[in-house]
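Residues per chain, in single letters:
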Amino acid sequence: MSDAPLLSVEHLDVTFHVRPRNAWPWTPPLKLSAVSDMSFTLGMGETLGVVGESGSGKSTLARAIVGTIPATGGKVMWQGQDLLALAPAARRRHRRDVQMIFQDPLAALNPRMTVGQIIAEPLITHAPDTPKAEVKARVGEMMERVGLLPNLVNRYPHEFSGGQCQRIGIARALILKPKLVICDEPVSALDVSVQAQVVNLLKDIQKDMGLSMIFIAHDLSVVKHISDRIAVMYLGRLMELAPSRPLIRTPRHPYTQALIASVPIPDPKIEAQRQRQVIEGDLPSPLAPPSGCVFRTRCPIARPECAAERPGPQAADAGHVYYCPYASAADAKAQLTP
Ligand SMILES: Nc1ncnc2c1ncn2[C@@H]1O[C@H](COP(=O)(O)OP(=O)(O)O)[C@@H](O)[C@H]1O
Ligand code: SF4
Ligand SMILES: [Mg+2]
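The structure displayed is predicted, hence computed values, not measured ones.

## Examining the nonpolar core
One recurring pattern in soluble globular proteins: nonpolar side chains tend to sit buried together. In this structure, Ile119, Ala171, Ile182, Ile214 and Met239 are the most contacted members of the largest nonpolar core, which totals 85 residues. Counting residues per element, this core draws most heavily on helix 5 (residues 162–174), at six residues. What Ile119 contacts, discounting residues up to four positions off in sequence, is Val139, Met142, Met143, Ile168, Ala171, Arg172 and Ile175.

## Describing the packing of helix 3 (residues 115–126) against helix 5
Between helix 3 and helix 5, the least distance of the axes is 7 Å, while the angle of their chain directions is 30°. Overall, the two elements helix 3 and helix 5 adopt an arrangement that is roughly parallel. Between helix 3 and helix 5 lies a crossing whose hand is right-handed. On helix 5, the residues touching Val115, Ile118, Ile119, Glu121 and Pro122 of helix 3 are Ile168, Ala171 and Arg172.

## Things to note about the site of ligand 2
Taken together, the residues surrounding ligand 2 are Pro254, Cys293, Phe295, Arg296, Cys299, Ile301, Ala302, Cys306, Pro311, Cys324, Tyr326 and Ala327. The residue inventory of the shell around ligand 2, partitioned by class, reads eleven nonpolar, no polar and one charged.

## A short note on the site of ligand 1
Near ligand 1, the surroundings consist of 13 residues, among which Phe16, Ala34, Lys58, Ser59 and Thr60 are the closest. Elements that contribute at least two residues to the shell around ligand 1 include exactly strand 1 (7–18), strand 2 (30–42) and helix 1 (58–66). By residue number, the principal contributor to the shell around ligand 1 is helix 1, which donates three residues. For the shell around ligand 1, the per-class residue count stands at five nonpolar, seven polar and one charged.

## Overview of the packing of helix 5 against helix 6 (residues 192–209)
Angle between the axes and distance between the axes are the two parameters that describe a pair of packed helices. Two elements in contact, helix 5 and helix 6, have axes whose closest approach is 10 Å; the angle formed by their N-to-C orientations is 15°. In terms of axis orientation, helix 5 runs roughly parallel to helix 6. As helix 5 packs across helix 6, the resulting crossing turns out to be right-handed. Residues Gly162, Gly163, Gln166, Ile170 and Leu174 of helix 5 pack against Val194, Gln197, Val198, Leu201, Leu202 and Ile205 of helix 6.

Rules and cut-offs
- Residues numbered from 1 in each chain as written.
- Chains lettered and ligands numbered in written order.
- Predicted model: local features only at pLDDT ≥ 70, side-chain atom pairs only at ≥ 80, totals over all residues.
- Core = buried A, V, L, I, M, F, W, Y, C linked by C-beta atoms within 7 Å.
- Buried ≥ 20, exposed ≤ 12 C-beta atoms within 10 Å, placed from the backbone.
- Helix = DSSP H or I, 4+ residues; strand = E, 2+ residues; numbered from the N terminus.
- Contact = placed C-beta atoms within 7 Å.
- Axes fitted to C-alpha atoms, helices over the stretch in contact; angles between N-to-C directions.
- Parallel < 35°, antiparallel > 145°, perpendicular 65-115°, else oblique.
- Left-handed = near helix turned anticlockwise from the far one by under 90°.
- Near = placed C-beta within 6 Å.
- Nonpolar A, V, L, I, M, F, W, Y, C, P; charged D, E, K, R; others polar.

What follows is the structure in C-alpha cells.
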C-alpha cells in the first residue's frame, strides 16, 4: 500500500442548488455553499473531531467522504485515490471500509427488523455468501462488544432505550470491520448521563480495532476527550485545525475561542473568574455569506479589512493552522480556560 494517508480532503467544495420557497418557477436556483475549500488529512488509527454550530456543513462533509454527495470542487482522496474516479471494485471496498453512525439512533434503525437482522444487514449485503452460522456468530460478537446481551437478538428497536439503540447502530457500523467510522453527532440526541458511556465505548472500540474515526459534534466538550486533532468549522469553512490539546489550551481563531468560552466549567470558583467571550447573534444565511471572512459579522475583533478578503491559513505550532491573520497568541491567552 502507498504511504498516502487513509483519507485526504483537498480544497473540498460542496454546493447545493436550492429554490427559495415562494420563488417563481422560472427563477434560477440559488447556490448554497455548504462546504467550501475544506482541507485536512486523516491517518490510520487517528480520530479527528469536527465541531461547529448547526448548519456549519459538518454532515455535508461527512456525506461527501462517504460518497453519498459528490464534491462540486476539490477532491476526497481515499488511500491516495480520488473517490469520484474509483473503479467499481475499489468503490465497493470504500463503501465497506467507511461506515457511519448517526445522531438519532432510533430513526436510523428499521423498526420492522430485529436487532440481529439490523446488525447483520451490512454483512449480508456486502458478503452474501457468508454462512448463516458465521453471520450469527459475528452478530453475537458485535453485540457483546458494544455491551448488549446477545439474547436480545430477536427484539425490535422500539424495545430499547436511546443509548441501547445507539449501541445497536455502532454494532451495525462495525460488523464489516471498517477502516473509518464517521460518527455524526452520535450522542447529541442522548441523555447527558448516557453520553459519556457511548463516547467511552466509541473510544475503546477505536483503540481496540485501530479504527480511524471522524467524530462530529456541535459541542467542543464532547469531542475533546476522544479526538487526536480537532477541526472547527463555521458556515462551511475551516476556521482552525490543531491537535486537541493546543486547540483547547491555546485556541487562535476568535470563533474557537468563543466556542471554548461557551463551555461551562464545573468548578464554580474558576467559572466565576473566567473571562467570557460568548458568541452573539445567529449564523448568517449560507445563501448570502458575509464577504471576506465569513465570521466577521459575529467576530469581536473584526476590522474593516476583514470584509475584503477571505483569510488564508496561518500556521502556529506543528499541525496547528487557523484562518485569521489578526488573531494573536495574546488574544488566545486572554480566553484560556484554566
Ligand atoms: N440536500 C441539501 N440541499 C440543500 N441544502 C442543504 C442540503 N443538505 C444540507 N444543506 C444546507 O447546507 C448547510 C450545511 O448543512 P449541514 O451539513 O447539515 O450542517 P451541520 O451538519 O453542520 O448542521 C445548511 O445550510 C443546510 O441547510
Ligand atoms: S479575519 Fe477578521 S473577522 Fe475573521 S476571525 Fe479574523 S479578525 Fe475576525
Ligand atoms: Mg449535521
